[in-house]
Every structure is written in structure tokens, then in C-alpha cells.
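# Summary of structural features
Each chain is listed here by its residues.
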Amino acid sequence: MMTSTMSAERRNSPLRALGRGAAVAAFDLLLWEAAARAVAQPLLLPTPAEVFARLFSLLPQGAFWLTLLGTLGRTLLSYVLGVAFAVLLGALCCRYRLADLLISPMLSAVRATPVTSFIVLALVWLSSSRVPVLTGFLMTLPVVFSALTQAVREIDPRLLEVARVFGYGKVGTLRHVVVPAVLPAVVESCLAAIGLCWKAVVAAEVIGVPKMAVGSRLYEAKIYLETDSLLAWTLTIVLLSVLLEKLLRAAAARVMEVRHG
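The present account deals with the structure reproduced in this document. In this text, all values refer to a predicted model and were calculated from it rather than measured experimentally. (Residues numbered from 1 in each chain as written. Predicted model: local features only at pLDDT ≥ 70, side-chain atom pairs only at ≥ 80, totals over all residues. Heavy atoms only, no water.)

## Comments concerning the pattern of salt bridges
- Tallied over the entire structure, the rule returns six salt bridges.
- Across the pair Glu33 and Arg37 runs a salt bridge whose closest N-O atoms are separated by 2.8 Å. Of this pair, Glu33 and Arg37 are both found in helix α1 (residues 2-39), four residues apart, which corresponds to roughly one turn of the helix.
- Glu33 sits in the partly exposed class, given a relative accessible area of 22%.
- Between Asp100 and Arg153 there is a salt bridge; the shortest N-O distance is 3.2 Å. Of this pair, Asp100 sits in helix α4 (residues 97-112) while Arg153 sits in helix α6 (residues 131-153), and the two are 53 residues apart along the sequence. (Salt bridge = Lys/Arg side-chain N within 4 Å of Asp/Glu carboxyl O. Helix = DSSP H or I, 4+ residues; strand = E, 2+ residues; numbered from the N terminus. Buried < 20%, exposed > 50% of the residue type's maximum accessible area, 1.4 Å probe, protein only.)

## Brief notes about the packing of helix α8 (residues 169-208) against helix α9 (residues 214-223)
- Orientation of α8 relative to α9, taken along the N-to-C sense of each, is 50°, at an axis distance of 7 Å. The angle between the axes of α8 and α9 places the two elements in the oblique class. As α8 runs across α9, the sense of the crossing is right-handed. Contacts between α8 and α9 involve Val202, Glu205 and Val206 from the first element and Val214, Gly215, Ser216, Leu218 and Tyr219 from the second.
- Taken together, the residues of the contact of α8 with α9 break down into five nonpolar, two polar and one charged. (Axes fitted to C-alpha atoms, helices over the stretch in contact; angles between N-to-C directions. Parallel < 35°, antiparallel > 145°, perpendicular 65-115°, else oblique. Left-handed = near helix turned anticlockwise from the far one by under 90°. Contact = heavy atoms within 4.5 Å. Nonpolar A, V, L, I, M, F, W, Y, C, P; charged D, E, K, R; others polar.)

Here it is in C-alpha cells:
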């Protein structure tokens, strides 16, 4: 009896979550509609219907999808490079004290510096198409690096001693002790970094205005006072950000499942 009740609750849980999400979305749309009617100036705040109409008019256009692919390509490239370098530098700093003394302060400074400072400075050195990649890379690297090095430092020394006593060796200790200890923290940092990377790339595109970029479309909409287009592209950015995070979260869950299995 208890088992059937628990099974029913599991089946109803996704439906409840979907219902709550729909209720929140409906409330937000009603609030938006009320604000737009109160302002009564589409140039300042168009209604949801006007924004969605503009978005649906963009969907059949090939340029719309090429623009999305351009920004997604830059985001994924900068994200993968950021995670890879974070793991490489993290391993180096955990192994060698001198490397930690030289590298950690620089990455702490990068993490504390406003993203616009990097964008403006990078525009002096690089082409506008490369600046978003560098910006996303610099936003991803310190987040994953910090989580990795902190997790390594918090490994219980007794576990390392047990691995030494049983003769695991360097490879065995890395596989059976270090990786299981740091993997949850690294996965969480990667999930947090994807949102930062996505926003940093779009911000760099707004300032650098490269070809085939969502940020460039935002800048153009602002210049020509096309508020409906501005909000339509903003809505697209939000939806893609949520989709990227959900896909990455699903992939991370799968990795953890395989690891535990």
C-alpha cells in the first residue's frame, strides 16, 4: 500500500512542478501585460503579445538561426576551454606550491574584475569576433579552478594514507580517492559557470558587435528603438540559457550516475 502511494507521488511530482511553472509564468505575463497597459507606450514597454509576435516572425528567418548558432558556438568554445584550463591549472597548483603561489592570485584578480573591463581591454588587442570567446573563457576559468583546488585541499588526509598503505599508487589514488572527492564540487561549479559564460559572451557581443551574434542584434534593436525586437531577443537569451543549464545538468547527472555505478 505504501509502495503504491509512493509511486503515485513520484508520477504526480513532475505534473505538480509543471503546474507550478505554468502558474508562475501566467502570473508574470499578467504582470507584464498590466505594466504595458499602464505605460501605454509600446516604444517603452510593448505588450507580451507584441513581443511574442515579433519573436515568431524571427523564427522562420535563416539569419535568426545562424545568429543563435554563432553565439552558441562562441559560448561552447569558451566554456570548454575554460573548464579544460581550469582542470589543468588546478592540477598543476595542487601538485606544485610555486605554481599555486603564482597562478592563484591572478585568477582571483580575474574573478574580481568587472566583465566590461575585460571586454573593453580585449577589443584593443583582438578582433570583435574573438573577444566574446576570451571573455567567456575568463569568466569560466576562475569558477571551476577555485572549486577544484578547494575540493582537493579538503580531501581527508586519512583517505590518502589508506590509499598509500594499500599500495594504490598515484593513478589508483587519483582514480579511487581524488576524483570521487572532487567530482561533486567540480560538477556544481561547471553548472554555475555555464550561466556566467553565456551572459559574458552576449555582453561582449553587445559591446564588440561581431557578425552573426545575438548581442549584435540586441545592440541594433537598441539603436533603432525596436523595443519589441530587443525584448524578443532577450527572451531568446533567457530561454537558451535555461536550456543550456538543463542539458548540462542532465549530462552531469548522467556522469555521476555512471561514476557511482
